Every structure is written in structure tokens, then in C-alpha cells.
Amino acid sequence: MWEAFFWGLVGGSALVLGAAIAYVASLPQRLIASIMAIGSGVLISAVAFDLMDEAFERGGFDSTAAGFLGGAIVYTAANIIVSRRGARHRKRSGSNPDESQPDAQSNSGAAIAIGALLDGIPESVVIGVSLLGGSGVSAVTVGAVFLSNVPEGLSSAAGMKASGRGAAYIFGVWGGIALASAIAALVGNVALAGSSPDVIAAVTAVAAGAILAMLVDTMIPEATEATHDYSGLIAVVGFLAAFVLSKSGG
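What you see as residue numbers is a count from 1 along each chain, following the sequence as written. Two thresholds apply to this predicted model, a pLDDT of at least 70 for residue-level local features and 80 or more for giving and counting side-chain atom pairs, whereas whole-chain, interface and lining totals are computed over all residues. The basis for every side-chain value is the complete set of non-hydrogen atoms in the structure, without hydrogens or water.

J.: I would appreciate a short explanation of the packing of helix α1 (residues 2-24) against helix α6 (residues 167-192) in the present structure.
T.: Two packed helices can be described by the angle between their axes and the distance between those axes. A fitted line through C-alpha atoms represents every axis, and for helices the fit uses only the stretch in contact; the resulting angles, taken between N-to-C directions, go from 0 to 180 degrees. What counts as a helix is a DSSP run of H or I of at least four residues, what counts as a strand is a run of E of at least two, and both are numbered from the N terminus. Running from amino to carboxyl end, α1 crosses α6 at an angle of 160 degrees, the nearest separation of the two axes being 7 Å. Judged by the angle between their axes, α1 and α6 are roughly antiparallel. As for how α1 packs across α6, the hand of that crossing is right-handed. Among the residues making up the contact of α1 with α6, the classes are represented as 20 nonpolar, six polar and no charged. Orientation is classified from the angle alone, with under 35 degrees giving roughly parallel, over 145 giving roughly antiparallel, 65 to 115 giving roughly perpendicular, and any other angle giving oblique. Crossing handedness is read from the near helix: turned anticlockwise from the far helix by less than a right angle, it gives a left-handed crossing, and turned clockwise, a right-handed one. Under this grouping Gly is polar, as are all residues other than the nonpolar Ala, Val, Leu, Ile, Met, Phe, Trp, Tyr, Cys and Pro and the charged Asp, Glu, Lys and Arg.

J.: What is the right way to read helix α8 (residues 231-247) from this model?
T.: Think of an α-helix as 3.6 residues a turn; residues three or four steps apart then line up on the same face. Between its terminal C-alpha atoms α8 stretches 24 Å, which fits the 24 Å expected from 17 residues at 1.5 Å a residue. Remark: exposure states derive from per-residue accessible area (1.4 Å probe, protein chains only) relative to the maximum for the residue type, with buried under 20%, exposed over 50%, and partly exposed in between. Those residues of α8 not exposed but buried are S231, I234, A235, G238, A242 and S246. Along the long axis of α8, the arc covered by the buried residues comes to 110 degrees, so they all point the same way. Structural note: α8 exposes L233, V236, L240 and K247 on the side pointing more than 90 degrees away from its buried face. Residue count minus one, scaled by 1.5 Å, sets the expected span of a helix. Comment: arc refers to directions from the helix axis out to C-beta atoms.

J.: Looking at this structure, I do not really get the UniProt feature "transmembrane region" (unreviewed entry) in the protein. What am I missing?
T.: According to UniProt, the "transmembrane region" (unreviewed entry) feature falls on residues 6-24, 31-52, 64-82, 125-147, 167-192, 199-216 and 228-245. A distance of 26 Å separates the end C-alpha atoms of residues 199-216, which is 100% helix and 0% strand. For residues 228-245, helix accounts for 83% and strand for 0%, while the C-alpha atoms at its two ends are 27 Å apart. UniProt positions are given in the numbering used here, feature names are shortened, and annotations may be inferred rather than shown by experiment.

J.: Is there a simple way to explain the environment of V150 in this structure?
T.: Along the chain, V150 falls in helix α5 (residues 139-162). The sequence separation of V150 and V16 amounts to 134 residues, and the corresponding C-alpha distance is 7.9 Å. Contacts: residue pairs with any heavy atoms within 4.5 Å of one another. Beyond its immediate stretch of four places on either side in the chain, V150 contacts A14, L17 and G18.

J.: Teacher, can you tell me more about the nonpolar core here?
T.: Looking at soluble globular proteins, one finds that nonpolar side chains tend to be buried together. Nine residue types can take part in a nonpolar core, namely buried Ala, Val, Leu, Ile, Met, Phe, Trp, Tyr and Cys, and a core is a set of them joined through side-chain atoms within 4.5 Å. Counting 24 residues, the largest nonpolar core has L43, L51, Y75, I211 and M219 as its most contacted members. Counting only elements with at least two residues in this core, the list comes to α2 (29-87), α4 (109-130), α5, α7 (197-227) and α8. Counting twelve residues, the second largest nonpolar core, distinct from the first, contains L15, A22, A157 and M160.

Take a look at the structure:
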């Protein structure tokens, strides 16, 4: 249980790291987008070879397919709601906050924070569930979550800072979300302990569907906007690294 909490906190702490970088420095737009492209490739690999494979082995096609589609539908509906309230560009990697996060200028920090929670909860639940098999946490999943959270914390915190938010507010928001990520991993581990294979398969597939929908809605477009011709290659490198780690017992 506490191991799940710890690894969930590790993944969520990348938001605080990104916020800290944005608060003290201004990184090139392409560097931020490259990190996002790598994270996208790693997450795609995790969805394809870790989450969906595991869900299928546990519960078969019916539970996996229902959970996968359900996760995508729920995420998409929730994402539409928070986007309309100012969190549409929460993963924007642009170096100019005035252009990259116009919503942050409209006092929509709460919507951006809720959007970050929406992105992070499925990932954190997967971290908790990955410990139920007794083989240890999935390094691929934790690494993918960490890499996807760094640019989000960085770009969102830059927008908050530009809108006049102080350090206490910025780090309070992202520190709270990191803690919420750890709690989500703990809850996922405790709530599903002893559950039937079909239930665990469905929950794993729900998270996989939500993560893939999040990738296509937010991370991939933002990564492509700045890296253009190189985004596909960078994502492939991330995918390959995660695939090798997964197949080597990571």
C-alpha cells in the first residue's frame, strides 16, 4: 500500500519539478516539446505492451474492450468540461505564456489544476494496480508518468506566474496535485486488492483508454507544434526505450 503511495508520489512529483524549473528559468520551447514527445512515445508503449496485454491476460477481450472504450469516453467528456473552463492548453509547451496559455491569464488556475488531476489519476491508479501482482512496480509506467508530468507542470506554472500568481500559490497547487496522485495510487492498490481478474482487467483497460485519449487530445498535438519534422522520430525513440525496458523485465 505504502509502496504504491511512494511511486505515485514519484510520478506526481514531476509536476513540482516542472513548476520549479518554470519559476526560476525559461527553457527553449523545442526542448519542452521534445520531452513531451518522448513521454508520448513511452506512454504509448506502456498502453500497448503493459496495460492492454495485462488486461487481456487477466479478463479476456470483453472486459478489456469495455474498459478501454469506457475510459476513453469518460476522459473525453471530463476533458471537454474542464477545457471549456480554461484548462484547454494545460500541456501547452510554448515558451511565451501569453500565447501558449491564454486561459492561465483568465484566473483559470483551478481549471488547469483539475485538468492535471484528470490526466494524472488514471496513470496513478495504474501504478497502484501494477503492484498487485507481487512482482514490483512497473518501471515503464512510472517513467512514462514522470516524463508526461514534467512539461505539464512547467508550461502551466509558467502561465500562472505570468498571470501574477506567487510561489506559494504555484507550488501549493502542484504540490497538492502530486499528493493527490500518490493517494490515487494508494487507493487503486487498496481498493482492488483481492478483486476478481475481470474487475482488475476492466480497471486497467479504463486507465489505458483514458491515457491514450489524453495523449491524442493534449500531449501529441503540443509536442508536434514545436518539434514539427522531428516529433515522430523523438516519440519513436521514447517508444523503443520503453519497449526494451518492458521486454527486459523492467
